[in-house]
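# What the coordinates show
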Amino acid sequence: MPRGTLLRSWTSGWLRIDTERVELPNGNVAELDVVRHPGASCIVPFLDDERILLIQQYRHATGGTILEAPAGKLDPGEDPEACAGRELIEETGYRAGRIEHLSSIWTTPGFTDEIIHLYAGFELEQVGQQLEADEVIELHPMGLREAVALVHAGELTDSKTALAVLLAAQRLPQAPD
């Protein structure tokens, strides 16, 4: 991915913001801020053919909790599928016997280079939750049809989860509406 001339950079923990001078396709020159992100993975776990397991997680940036699929950032050198499996165990206590890639998407291309890899997990086995200190999570099993309806009603507002649920639903033999 082409980058401009780095003017300054600010780092806090794993987060880095670069200000770059770039020449745009129209020939104009601009200074742009880009949040550099290592990437992430998200997984929709299937309890069976009709039920999935979402989580209600506290997200400070949203001012409360949101319903979402297990997800997290890639560790250095980590394979996205391995990250999805790791996050599934940590956040739900389930291990997937089979993981299928659904898509990879830019989360917010206007200001970050983050790509999130979307997966569906099947053949779940309970192994015990391994929450990190900053994770406040409740498990929410629900019907796949119910989750799809929440997306269409605008009630499942986490974008990665909404898209992953819709993509996962399309892969099933009798996809819900």
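Let us look at the structure shown here. (Residues numbered from 1 in each chain as written. Predicted model: local features only at pLDDT ≥ 70, side-chain atom pairs only at ≥ 80, totals over all residues. Heavy atoms only, no water.)

## Brief notes about the sheet that holds strand β6 (residues 64-68)
As summarised here, the arrangement of the 3 strands in space is β6-β5-β10, forming an open sheet in which the pairing is antiparallel. The two strands at the open ends of the sheet, each matched to only one other strand, are β6 and β10 (137-143). Each strand axis lies, on average, 25° off the axis of its neighbour in the sheet, ignoring direction. The sheet contact formed by strand β5 (residues 51-59) and β6 spans 5 bridges and is antiparallel. Its bridge partner lying in β6, tyrosine 58 is registered against threonine 65. (Pairing = 2+ DSSP bridges. Helix = DSSP H or I, 4+ residues; strand = E, 2+ residues; numbered from the N terminus. Axes fitted to C-alpha atoms, helices over the stretch in contact; angles between N-to-C directions.)

## Considering the nonpolar core
Membership of the largest hydrophobic core comes to 28 residues, with the highest contact counts inside it found for Phe46, Ile52, Leu144 and Val165. Secondary structure elements with two or more residues in this core: β4 (40-45), β5, β8 (94-106), β9 (115-126), α2 (144-152) and α3 (159-171). Counting residues in hydrophobic clusters, the runner-up holds 8 residues, among them Leu88, Ala96, Ile99 and Tyr119. (Core = buried A, V, L, I, M, F, W, Y, C linked by side-chain atoms within 4.5 Å. Buried < 20%, exposed > 50% of the residue type's maximum accessible area, 1.4 Å probe, protein only.)

## A word on the side chain of threonine 161
In this fold, threonine 161 is placed in helix α3. Residue classification places threonine 161 among the buried residues on the basis of a relative accessible area of 0%. In this view, threonine 161 contacts Leu54, Glu68, Ala69 and Leu156; residues no more than four positions away in its chain are not counted. (Contact = heavy atoms within 4.5 Å.)

## Brief notes about the pattern of salt bridges
Within this structure, the stated rule accounts for 17 salt bridges. Across the pair arginine 36 and glutamate 20 runs a salt bridge whose closest N-O atoms are separated by 2.5 Å. In this pair, arginine 36 is assigned in strand β3 (residues 29-36) and glutamate 20 in strand β2 (residues 15-23), connecting sequence segments 16 residues apart. For arginine 36, a relative accessible area of 7% gives the class buried. We classify glutamate 20 as buried; its relative accessible area is 5%. Across the pair glutamate 68 and arginine 59 runs a salt bridge whose closest N-O atoms are separated by 2.9 Å. A network of salt bridges, in which partner residues are shared, links Arg16, Asp18, Glu20, Arg36 and Asp113. (Salt bridge = Lys/Arg side-chain N within 4 Å of Asp/Glu carboxyl O.)

So yeah, pure geometry; function would need other evidence.
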